[in-house]
Amino acid sequence: MPQSPPYLQINNLTKKFGEFVALSDVSLDVTEGEFVCFLGPSGCGKTTLLRAIAGLDIQNFGSVHQAGRDVSSLPPAERDFGIVFQSYALFPNLTIEKNIAYGLESLGKPQVEIHSRVEELLTLIGMPDQGKKHPAQLSGGQQQRVALARALAISPGLLLLDEPLSALDAQVRVKLRHEIKALQHQLGVTTIMVTHDQEEALTMADKIVVINAGVIEQIGTPEEIYNEPATQFVAGFIGAMNFVPAIINGENNIQIGQANFSFEPPWQRSTGKCIAAIRPEDIKVGSEGANTLEAEVMEVEFLGPFVRAELASEALGEHRIQADFSANRVRSEQLSTGSRLIVSLPPQSIRLYTGE
Amino acid sequence: MIPVKAKSSRDDRQMLVFMLMIAAYLVIALAMPLYAILSKSFQNKDGVFVGLTNYVEYFSTPALTYSIQNSLTVSVITTFFSVSIAFTLAYGLTRSCMRFKSAFKVIALVPILVPSLLPGIALIYLFGKQGMIKWLLFGHDIYGPIGIVISEIFFTLPHALIIIMTALSIADARLYEAAESLNAGKLKTFFTVTLPGARYGLISAAFVVFTLTITDFGAPKVIGGGYNVLATDIYKQVIGQQNFEMGAVVSLILLLPAALAFFVDRLMQRKQVALLSARAVAYEPKPSKLFDWLMFGWASIVSIFILTILLTCQYAAVIKFFPYNLSFSTKNYQFDLMDGGGWDSFFNSLQLAGWTAVIGTAIVFLGAYMVEKGRGFTAGRSVFQFLAMLPMAVPGMVLGLAFIFFFNSPNNPLNFLYHTMAILVISTIVHFYTVAHLTAITALKQMDPEFESVGASLKSPFYKTFSKVTLPVCLPAILDISIYLFVNAMTTVSAVVFLYGPHTSLASVAVLNMDDAGDIAPAAAMGMMIFYTNATVRIIHGILSRGVLKKTQAWRTRS
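Residues numbered from 1 in each chain as written. Chains lettered and ligands numbered in written order. Predicted model: local features only at pLDDT ≥ 70, side-chain atom pairs only at ≥ 80, totals over all residues. Heavy atoms only, no water.

Things to note about unusual backbone geometry
No. 1: Here the amide bond leading from Phe322(B) into Pro323(B) is cis, since omega sits at -5°, within 30 degrees of zero.
No. 2: Its place among the elements puts Pro323(B) in the loop between strand E1 (319-321) and strand E2 (325-328).
No. 3: Notably, Glu163(A) is not glycine yet its phi reads approximately 45°, a positive angle.
No. 4: As for its position among the elements, Glu163(A) is in the loop between strand E7 (158-162) and helix H5 (170-187).
No. 5: In this structure Glu163(A) comes out as buried when scored by relative accessible area, which is 10%.
No. 6: Here the phi dihedral of Asn252(A) falls at roughly 55°; this positive angle occurs in a residue that is not glycine.
No. 7: Positionally, Asn252(A) belongs in the loop between strand E11 (242-250) and strand E12 (253-256). (Helix = DSSP H or I, 4+ residues; strand = E, 2+ residues; numbered from the N terminus. Buried < 20%, exposed > 50% of the residue type's maximum accessible area, 1.4 Å probe, protein only.)

Let's talk about the interface of chain A and chain B
No. 1: Taken together, the contact pairs 38 residues of chain A with 31 residues of chain B.
No. 2: Summing both partners gives a buried area of about 3,100 Å² for chain A against chain B, and 61% of it is carried by carbon and sulfur.
No. 3: Together, Phe61(A), Asn93(A) and Tyr102(A) form the three largest contributors to the area buried by chain A at its contact with chain B, with a combined 18%.
No. 4: Between Lys468(B) and Glu105(A) there is a salt bridge, with the nearest N and O atoms lying 3.4 Å from each other.
No. 5: If you look at where chain A meets chain B, you find 12 residue pairs in polar contact (both at pLDDT 80 or more).
No. 6: Listing elements by their share of the side of chain A that touches chain B, those giving two or more residues are strand E4 (61-66) and helix H2 (96-106) of chain A.
No. 7: Looking at the side of chain A that touches chain B element by element, the count peaks at 4 residues for H2(A).
No. 8: Its residues placed into classes, the side of chain A that touches chain B shows 20 nonpolar, 12 polar and 6 charged. (Contact = heavy atoms within 4.5 Å. Buried area = accessible area lost by both parts, 1.4 Å probe. Salt bridge = Lys/Arg side-chain N within 4 Å of Asp/Glu carboxyl O. Polar contact = N/O pair within 3.5 Å; in protein donor to acceptor, adjacent residues only side chain to side chain. Nonpolar A, V, L, I, M, F, W, Y, C, P; charged D, E, K, R; others polar.)

Thoughts on empty space enclosed by the protein
All names here are of chain A.
No. 1: In the structure shown here, the tally under the stated rule is 3 cavities of 30 Å³ or more.
No. 2: When its volume is computed, the largest cavity comes out at roughly 80 Å³.
No. 3: In terms of lining, the largest cavity is formed by Asn242, Val244, Ile254, Ile256, Ala276, Ala277, Ile278, Leu316, Ile321, Leu345 and Ile350.
No. 4: Counting only elements with at least two residues in the lining of the largest cavity, the list comes to E11, E12 and strand E14 (272-278). (1 Å grid on protein atoms, 1.4 Å probe; cavity = no way out; pocket = protein on both sides within 12 Å on 5 of 7 lines; lining within 4 Å. Points joined across faces, edges and corners; volume = space filled by probe spheres on them.)

Focus on the domain arrangement of chain B
Residue and element names in this part refer to chain B.
No. 1: For chain B, the assigned domains are domain 1 (1-32 + 337-559) and domain 2 (66-272 + 281-325).
No. 2: For domain 1 versus domain 2, the separation of C-alpha centres amounts to 26 Å.
No. 3: Contacts between the two partners involve 36 residues from domain 1, matched on the other side by 34 residues from domain 2.
No. 4: Together domain 1 and domain 2 conceal approximately 3,000 Å² of surface at their shared face, both sides included; 80% is due to carbon and sulfur atoms.
No. 5: It is Met397, Met528 and Phe531 in domain 1 that bury the most area against domain 2; as a group they hold 17% of the surface buried on that side.
No. 6: At the junction of domain 1 with domain 2, the criterion picks out 1 salt bridge.
No. 7: Salt-bridge contacts for Asp516 lead to Lys221; the nearest nitrogen and oxygen are separated by 2.7 Å.
No. 8: Counting the contacts that link domain 1 with domain 2 gives 4 residue pairs in polar contact (both at pLDDT 80 or more). (Domains from an automatic or database assignment.)

This is the structure we're talking about:
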């Protein structure tokens, strides 16, 4: 069965600012109706990629196809997208209604149609009675909703969100996260969101594109990105991770310090040096299972629902690892600095990287 | 790999056309005249290239080179006094709790509204041969460096005051709290917190005052007597001796310190901005009886100085014949009976100021918008930016003479503009372009850079976003630019003195010519007419902008 071509196709995109290479040979497909997050540290090139897709900063090399049309060199006005910026960029001197109607007026729609569309959008964002206000009279979260409504007013084929939530308070952020996701799902509009917040990406995206230093590190669903990080960068950037130098010394076996650990097949590679990684929450207390280890608690950090303990072990030599224990467990086992305990590193939780 | 060549949108092309049109204006009204004056300085009377001959002649004529020393002397002395007075006054206005602060501030800014010829005229009445308080000079002559320096202090004080007050008012209260908590005394705090914080403002003010003084023509013309300076030399060479080539040489020599001061000042301004952090807490002065009264006394003295100059002119304008018949008379207002163009020149000035304000504001703001918000064509935009900054470094006398060389040339198809109102408007806009441009750029920079991106994504042409959002949001700055251009067009003498024609004489030029002809009282009367016009327009502008702001800027307030 022939597969329909992706809605947005980015091929071998390179963008330079003078000598600095902001994006290097980036390729990516986005399916229609998908919610994609570009995730990466600041300066990694994720916003540059978004601006290239919008035509705001056109790439030096490579192509962008949208809905089968080559838009690689087109100016923003000739592309089909709506955009929401971190600053919202609401026109301060226009009312909320006028802001939302802005694009509709430019398309030359009749007044009646504009009016009903604006009403519809105001209801959609849950602000039906606020149309006569000016942006400065709204809270940050409300301004963000209006910016979203303005971008959606002309029913664009593609919605671009540039760090839309990062200027907001933590609580508003969490609330809007759900609202935006629900709205996107309801309208079915293909959406790309740039963020440096991994939690935002994990909760909202259908697909995450992890970018670092102008290169795509991994593309995958939130689960794939979290559970099977393809590179050491992804492993370290998303969630917490212990990294320890190790040597592969046989089939499914590595040596860390003096101790041997087994791991599971997908990570097998030729023998030699590597970096072993395990998430703190995967480390278990108790002597059941393989890869057990006697350790001493060097430090504990209270993090609310759980406690992160720094463990040292003679077997590991100078390397220390962090392990997360539930608050209940800490209470029942009476764990504190200086406690000695036995932990296990489940073989299926160990990942191996070549090192950078 | 084939590089992607960005296709330009209709917006890009339209904006480019606008920018090129305004750039063409700056090239024709600035770059080409400057080139003309430069080449003229290397030519003889017949237009033959003679290399450095004119320069050699200039530097071997002590009567001419002496002016360099004179210009530097009065400029340095004026800079010292003007900046000292401005700093102490600004310190009182920002750091004390004295009374009538806003009145003192208004008075100190008054000299901006009058031509630089006016203080000289007042000084003649106060300290001249028959001066009212001549004895205060203990036998020294007011004609010469003393008169020039006093006039220039009056003329430059508001400029220095504005810059220094800005520098002092951005002080961070937390630094003072820190100094106090570390037990630093008042004096130590002053030298370790206040002065370092204001240092870029002080340096910048010093350069501005220096440049204004060395390039000013009005004061030395009226009160300089036999004390020649560079600016008056240009005038004498050109108007008196018709020696255009030597005028060009002196112009280029005058261009040097002005340009140098300008670039140093730009450097300082850039550093000043970095000092200002968004988190700074505004400093609130605490009352201190002694200090507040001291500052009040000092501000009163400065205000009396300024008001005395103004009132003397007004007094001279309405008495019959100083000092012999002190009865009231309006005969000095019968300008039509004197040299200088009569009342027509006053109305010409109004016309010039009106056109300059309207057309100038449109050109400057559009130009700033295109250079700030346009896409692509980066090299062209930096050339434009350079052209827009250049007028600040070009003294008015140099610009005026450059205009003669360029527009009066029989080969120039624009030759018909000579002696028309149009050329006066064109030159005045260019003369005051830079400050207006910077005001516009500052206002545009404060707008969210993504407005244009949003507009484009919503398929709106740039002129829609420009007229619906940019213009209304920038309205306060646009009003400021127009009043700045208006006031300066009313008071300027230096460029237009070479360009007016028999039917386009101006009020400021009339002041100069009547003073030249010995009609000092009518000159004072005309000077005060300029003051009253500017003051009235300033007040109308104030009322108007308050009304407009209330109506169009309602969105600024949260309710």
